[in-house]
Amino acid sequence: MAIFVMNLLLGWLFVGWVIALVWALSNDSPTTQTGATGAATTSGKTVGKDKIC
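Residues numbered from 1 in each chain as written. Predicted model: local features only at pLDDT ≥ 70, side-chain atom pairs only at ≥ 80, totals over all residues. Heavy atoms only, no water.

A.B. asks: Just checking my understanding: could you explain the overall build of the chain for this structure?
C.D. replies: Summing up its helical and strand segments, the chain has one helix and three strands in all. Taking all 53 residues of the chain together, 2% fall into the buried category. Here the chain displays about 5200 Å² of accessible surface, and carbon together with sulfur accounts for 68% of that area. (Helix = DSSP H or I, 4+ residues; strand = E, 2+ residues; numbered from the N terminus. Buried < 20%, exposed > 50% of the residue type's maximum accessible area, 1.4 Å probe, protein only. Areas by Shrake-Rupley, 256 points an atom, 1.4 Å probe, with all protein chains shown as cover.)

A.B. asks: What is the right way to look at helix α1 (residues 2-25) in this model?
C.D. replies: An α-helix turns once per 3.6 residues; consequently, residues spaced three or four apart project the same way. Given a rise of 1.5 Å per residue, 24 residues ought to cover 34 Å, and the 35 Å separating the end C-alpha atoms of α1 matches this to within 8%. For α1, the tally of buried residues reaches only zero of 24 residues, placing the bulk of the element at the surface. (Expected span 1.5 Å × (residues − 1).)

A.B. asks: Would you take a moment to explain the confidence of the model for the chain for this structure?
C.D. replies: Do not read the fine detail of predicted coordinates wherever pLDDT is low. Summing up the model confidence of the chain, the mean pLDDT is 75 and the portion of residues at 70 or higher is 53%. Here strand β3 (residues 45-47) stands out as the least confident element of the chain, with mean pLDDT 56; α1 is the most confident, with 89. (pLDDT = per-residue confidence, 0-100.)

Here's what the structure looks like:
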């Protein structure tokens, strides 16, 4: 019985590790880049600086 429990837990631990690795390596979210003005941009939209008129 102890071997079965250990095998079950270690098996699921490995599956969870693989899922986390794939999730971390996937690139489905937009990346944040800093433009020439120093403001963070995502998809061409300026984020982080307010325009004062």
